[in-house]
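Spelled out from the first residue to the last, the chains are:
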Amino acid sequence: MEELGIEVDPQLLELSLTHRSFAYEAGQIPSNERLEFLGDAVLEIVVTDHIFREYPELAEGELAKLRAAVVSSVSLARIARALGVGPMIRLGKGEMATGGHDKRSILADTMEAIIGCVYLSQGMEAAWRFVHRLTDRAIADVIAAGDYADHKTTIQELCAQHGWEHFYEVVGSGPDHDRTYTATLIIDGEARGTGVGSNKRRAEQLAAREAVAQLGDA
């Protein structure tokens, strides 16, 4: 498959792109859920090994947060979109009608299934290289941002998916040398999250995190 930059078994690739909604409508044929389970494990070990070796200065809790950000549905969906995976996913009519080809959870699950497909087709060494190609940039971006959970991106995607308008109201207080910022996330005219931080970006991330907890995958 040219988009993936690696040769894989065609039948396994087709299976990795078969969502359960399509499988059900096609007469209970196999779906990509087992491959997703396998790919999730491969993804976890590759990313865990990489960040453990590359970032010895990070404590266990920081490593866990970094890994969670890199293997999150937000990160995997972004990778899937960059590869053009969405239009290739085989979906049932209901999922197609509701924009399933660009739904975060479906894109993320399909990416994990594709990783499982690569592992079964080419073995662990090839899967290792493939996962690195997918995630090394994401790891570097998360490290550079200094925030291991990009809740603002999650909110942006949810709002785009549902056609919601959103913005942050940020108010600063205190002296210049010890400034505190309070951010309130407004979604469709309703306050959905509040965060307090030492800078605007941190306050907005915390407000977005509270909103994500409320809205989930919506």
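Keep in mind it's a predicted model, so treat the numbers as computed, not measured. (Residues numbered from 1 in each chain as written. Predicted model: local features only at pLDDT ≥ 70, side-chain atom pairs only at ≥ 80, totals over all residues. Heavy atoms only, no water.)

Undergrad: Would you explain the overall build of the protein in this entry?
TA: Along its length, the protein carries ten helices and three strands. Helices and strands appear in the protein in the N-to-C order α-α-α-α-α-α-α-α-α-β-β-β-α. In terms of overall dimensions, the protein has a C-alpha envelope of 65 × 45 × 25 Å along the principal axes. In the protein, which comprises 218 residues, the proportion classed as buried is 43%. The contacts of the protein with a sequence gap of at least 6 include a subset with a gap of at least 24, amounting to 57%. (Helix = DSSP H or I, 4+ residues; strand = E, 2+ residues; numbered from the N terminus. Buried < 20%, exposed > 50% of the residue type's maximum accessible area, 1.4 Å probe, protein only. Contact = heavy atoms within 4.5 Å.)

Undergrad: For this particular structure, what's the right way to read unusual backbone geometry?
TA: Among all residues save glycine, negative phi is the norm, and among peptide bonds the norm is trans. Here the phi dihedral of Q28 falls at roughly 60°; this positive angle occurs in a residue that is not glycine. Structurally, the position occupied by Q28 is in the loop between α2 (20–25) and α3 (33–54). With a phi close to 50°, D188 is a non-glycine residue in the positive phi region. Take D188: it is sitting in the loop between β2 (180–187) and β3 (190–197).

Shape is all these values report; function is a separate question.
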